[in-house]
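Residues per chain are reported as follows:
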Amino acid sequence: MGSEALPAAVAGLKTGDQVRHTSYGLGTVVGLEGSGRSTVARVEFTIDGAVTTKRLMLRLAPITKT
């Protein structure tokens, strides 16, 4: 998977990595789709006690690898 045009904070992200989202908090990457600027991560967060999976476009999402 290419990391062209991805922010340094998420370049090289892979399944199983922990990330922090500015609104959702800590989450775990459960899958990746696409490549380069079109890469989308499926990230599992616990929001209000419920596990929720969000699809986040990596070049736009306010997340950092922890």
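The protein is annotated in an unreviewed UniProt entry as ATP-dependent DNA helicase PcrA family protein from Actinomyces massiliensis F0489.

Caption draft 1: Seen up close, the pattern of salt bridges. Summed over the entire model, instances satisfying the criterion amount to four salt bridges. Note that Asp 17 and Lys 65 form a salt bridge whose closest N and O atoms lie 3.5 Å from each other. On the criterion of sequence distance, the pair formed by Asp 17 in the segment before strand S1 (18–21) and Lys 65 in strand S5 (residues 63–65) is long-range, its members being 48 residues apart. According to the relative accessible area criterion, Asp 17 is buried, its value standing at 10%.

Caption draft 2: Molecular detail of the packing of aromatic side chains. One pass over the full model with this rule turns up one aromatic pair. Judged by centre distance (5.2 Å) and plane angle (50 degrees), the rings of Tyr 24 and Phe 45 are tilted. A residue pair is termed long-range when its members are at least 10 positions apart, and Tyr 24 in the loop between S1 and strand S2 (25–33) and Phe 45 in strand S3 (residues 40–47) qualify at 21 residues. Overall, Tyr 24 belongs to the partly exposed group, its relative accessible area being 31%. The class for Phe 45 is buried, based on a relative accessible area of 1%.

Caption draft 3: Inspection of the side chain of Thr 39 at higher detail. Turning to its location among the elements, Thr 39 is positioned in the loop between S2 and S3. At a separation of 2.9 Å, a polar atom in the side chain of Thr 39 contacts the main-chain carbonyl oxygen of Gly 36.

Caption draft 4: Structural detail: the pairing of S2. Here four bridges tie S1 to S2, and the two strands are oriented antiparallel to one another. By the bridge assignment for S2, Arg 20 is matched with Leu 26. In this antiparallel pair of consecutive strands, S1 and S2, the connection spans three residues. Counting the residues that bridge the hairpin from S2 to S3 gives six residues, and of these Gly 34 lies at a positive phi of roughly 80 degrees.

Caption draft 5: View of the environment of Val 19. Looking at the element boundaries, Val 19 is found in strand S1. On the accessibility criterion, Val 19 (0% relative accessible area) is buried. The sequence separation of Val 19 and Thr 53 amounts to 34 residues, and the corresponding C-alpha distance is 13 Å. Not counting residues within four places of it along the chain, the set of residues in contact with Val 19 comprises Leu 13, Gly 25, Leu 26, Gly 27, Val 29, Val 43, Ile 63, Thr 64, Lys 65 and Thr 66.

Quick notes on the rules
- Residues numbered from 1 in each chain as written.
- Predicted model: local features only at pLDDT ≥ 70, side-chain atom pairs only at ≥ 80, totals over all residues.
- Heavy atoms only, no water.
- Salt bridge = Lys/Arg side-chain N within 4 Å of Asp/Glu carboxyl O.
- Helix = DSSP H or I, 4+ residues; strand = E, 2+ residues; numbered from the N terminus.
- Buried < 20%, exposed > 50% of the residue type's maximum accessible area, 1.4 Å probe, protein only.
- Phe/Tyr/Trp six-rings, centres within 6.5 Å; stacked < 30°, edge-to-face > 60°.
- Polar contact = N/O pair within 3.5 Å; in protein donor to acceptor, adjacent residues only side chain to side chain.
- Pairing = 2+ DSSP bridges.
- Contact = heavy atoms within 4.5 Å.

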